[in-house]
Amino acid sequence: MSGSALFWLSTAAWACAVCGGQDDEDTRQAFIDTTIFLSLLPLGLIGGGGLWLWRRAHELEHAPHAP
Amino acid sequence: MDYGMSEPELRIVHPPPRERKPIVPNAVLGTMIFILTECMLFAGFVSAYAIARTNVPVWPPAGQPRLPVEATGFNTVVLLISGALMWYAGKKFAESPDKARMPMLGAMALGLFFVAFQGMEWVQLLSAGLGLRTSSHSAFFYLIVGMHGLHVLCGAGVVVRQFLQLRAGTLDAESFWAGRLFWYFVVLLWPVLYWQVYL
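Residues numbered from 1 in each chain as written. Chains lettered and ligands numbered in written order. Predicted model: local features only at pLDDT ≥ 70, side-chain atom pairs only at ≥ 80, totals over all residues. Heavy atoms only, no water.

1. Quick notes on the overall build of chain A
Quick reminder of the rule: Strands here mean DSSP runs of E at least two residues long; helices mean DSSP runs of H or I at least four residues long; both are numbered from the N terminus. The protein chains shown are the only cover counted for residues, whose accessible areas, like all others here, come from Shrake-Rupley with a 1.4 Å probe.
When you go through chain A residue by residue, the secondary structure sums to two helices and zero strands. Here chain A has roughly 5,700 Å² of accessible surface; of this, 67% comes from carbon and sulfur atoms.

2. Quick notes on the pattern of salt bridges
When their charged atoms lie close together, side chains carrying opposite charge are able to pair. Using the following cut-off: Salt bridge criterion: a side-chain nitrogen from Lys or Arg within 4 Å of a carboxyl oxygen from Asp or Glu. Burial classification: accessible surface area is computed with a 1.4 Å probe over protein chains only, and a residue below 20% of its type maximum counts as buried, one above 50% as exposed, and the rest as partly exposed.
By the definition in use, this model includes three salt bridges over all chains. The salt bridge partner of Arg28(A) is Glu25(A), with a shortest N-O separation of 3.0 Å. Of this pair, Arg28(A) and Glu25(A) both sit in helix α2 (residues 25-62), three residues apart, roughly one helical turn. You can call Glu25(A) partly exposed: its relative accessible area is 44%. The salt bridge involving Lys92(B) is made with Glu95(B); its shortest N-O contact spans 3.5 Å. Taken together, the residues Lys92(B) and Glu95(B), both in helix α2 (residues 69-95) and three residues apart, mark about one turn of the helix. Through salt bridges with shared partners, a single network forms among Lys92(B), Glu95(B) and Lys99(B).

3. Looking at the environment of His62(A)
Residue and element names in this part refer to chain A. Definition in use: We call two N or O atoms a polar contact when they sit within 3.5 Å, provided that within protein one can donate a hydrogen and the other can accept it, with sequence-adjacent residues counted only if both atoms are side-chain atoms.
Along the chain, the position of His62 falls in helix α2. Residue His62 is classed as exposed on the basis of its relative accessible area of 57%. A C-alpha to C-alpha distance of 51 Å links His62 and Arg28, two positions 34 residues apart in sequence. Within the local environment of His62, its side chain forms a polar contact with the backbone oxygen of His58, the two atoms lying 2.9 Å apart.

4. Some words on the interface of chain B and chain A
Applicable threshold: Whether two residues are in contact is decided by their heavy atoms, any of which lying within 4.5 Å being enough. Note on definitions: buried area is the accessible-area loss of two parts on being combined, 1.4 Å probe, summed for both. Think of it as three bins: nonpolar holds Ala, Val, Leu, Ile, Met, Phe, Trp, Tyr, Cys and Pro, charged holds Asp, Glu, Lys and Arg, and polar takes everything else, Gly as well.
Of the residues lining the interface, 17 residues belong to chain B; the matching set on chain A comes to 19 residues. In total, about 1,500 Å² of surface goes out of reach between chain B and chain A, with carbon and sulfur atoms giving 76% of it. The largest share of the area that chain B buries against chain A comes from Ile23(B), Met40(B) and Ile51(B), three residues that together contribute 32% of it. For the pair chain B and chain A, the interface holds zero salt bridges. Where chain B meets chain A, there are three residue pairs in polar contact (both at pLDDT 80 or more). The element that contributes the greatest number of residues to the side of chain B that touches chain A is helix α1 (residues 26-54) of chain B, accounting for 11 residues. When the residues that make up the side of chain B that touches chain A are grouped by side-chain class, the tally is 12 nonpolar, four polar and one charged.

5. With respect to the packing of aromatic side chains
All names here are of chain B. The condition is simple: Here the aromatic set is Phe, Tyr and Trp, taking the six-membered ring for Trp, and pairing holds for ring centres within 6.5 Å; pairs whose planes are under 30 degrees apart are stacked, those over 60 apart are edge-to-face, and all others are tilted. Two limits define a charge over a ring: the Lys NZ or Arg CZ must be within 6 Å of the ring centre, and within 35 degrees of the ring normal.
If you walk through the whole model with that rule in mind, you get 17 aromatic pairs over all chains. Residues Phe141 and Tyr198 carry aromatic rings whose centres are separated by 5.7 Å and whose planes lie at 80 degrees to one another, so their mutual orientation is edge-to-face. Of the two residues, Phe141 sits in helix α4 (residues 136-168) while Tyr198 sits in the segment after α5 (173-197), which places them 57 residues apart along the sequence. Taking the relative accessible area as the measure of exposure, Phe141 reaches 0% and is therefore buried. Through a chain of ring-to-ring contacts, the aromatic side chains of Phe114, Trp122, Phe141, Tyr142, Trp190, Tyr194 and Tyr198 assemble into a single cluster. When the ring centre of Phe176 is taken as origin, the NZ or CZ atom of Arg180, which lies over that ring, is 4.7 Å away.

6. Re the packing of α4(B) against α5(B)
Residue and element names in this part refer to chain B. To be explicit about the condition: Axes, fitted as lines to C-alpha atoms, cover a helix only where it is in contact. Angles between the N-to-C directions of the axes lie from 0 to 180 degrees. Throughout, the term roughly parallel applies to angles under 35 degrees, roughly antiparallel to angles over 145, roughly perpendicular to angles from 65 to 115, and oblique to all others. Definitions for this section: a left-handed crossing has its near helix turned counterclockwise from the far helix by less than a right angle. A right-handed crossing has that turn clockwise.
In the contact formed by α4 and α5, the axes pass within 10 Å of each other and the chain directions differ by 160 degrees. Regarding the angle of α4 to α5, the classification is roughly antiparallel. Considering the relative orientation of α4 and α5, their crossing is left-handed. The residues of α5 that touch α4, namely those facing His137, Phe141, Ile144, Val145, His148, His151, Val152, Gly155, Ala156, Val158, Val159 and Gln162, are Ser175, Phe176, Gly179, Phe182, Trp183, Phe185, Val186, Leu189, Trp190, Leu193 and Val197. The residue inventory of the contact of α4 with α5, partitioned by class, reads 16 nonpolar, seven polar and no charged.

Right under this line is the structure:
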């Protein structure tokens, strides 16, 4: 009962942080740019780190062994 | 049936296990993962800042103190030299740990200078009326620059500790590598933040 009361008494809220910025073209473009940036950055970091580790493992594998 | 011959003894001979060295020391790998998460933290800050500045027609907002671009540019150069000295210290450490003392001392001194200079800059800006609540610009400024300053302070603390260990002859190469990695991170991150926040 109280749950349904909460449902009916509640009002609309801007829960999404980006809802206010759709009118302006610059803001819209900034959202697109930062979305691309934040999507690609972790992939680039993980990929770069993984590649570095792979190359280092390859180097160690082929390095002359100490007696 | 015994024919008077002893049965041949079967013995499985295993080759000696090959000693595997870790690709990178644990301290370095841990620092790399930590830096990765830190990169995402600052990327989030910079992205939020980039969006916030498009929401207002004039940026920085009119009627508030200007950020000291030239003085901070000088401080940026100081931090970059500190990073270069740290790289040189790492190179010298590989030859002989004693040879790393002077460049590490220089890197440490310049890093502490950077933090002190930033502190003075903040005092001036606060006294000029640029507070955390003055505008969204100032809020982002204190958040981003302050968070980086905190990282530099922690990094400088690590450098000081490692310098003392180096003097005592107890600094191991793996810890030094991890410490240097973190220092490179704070040094190389700063020009990006300077470009985004000050310019």
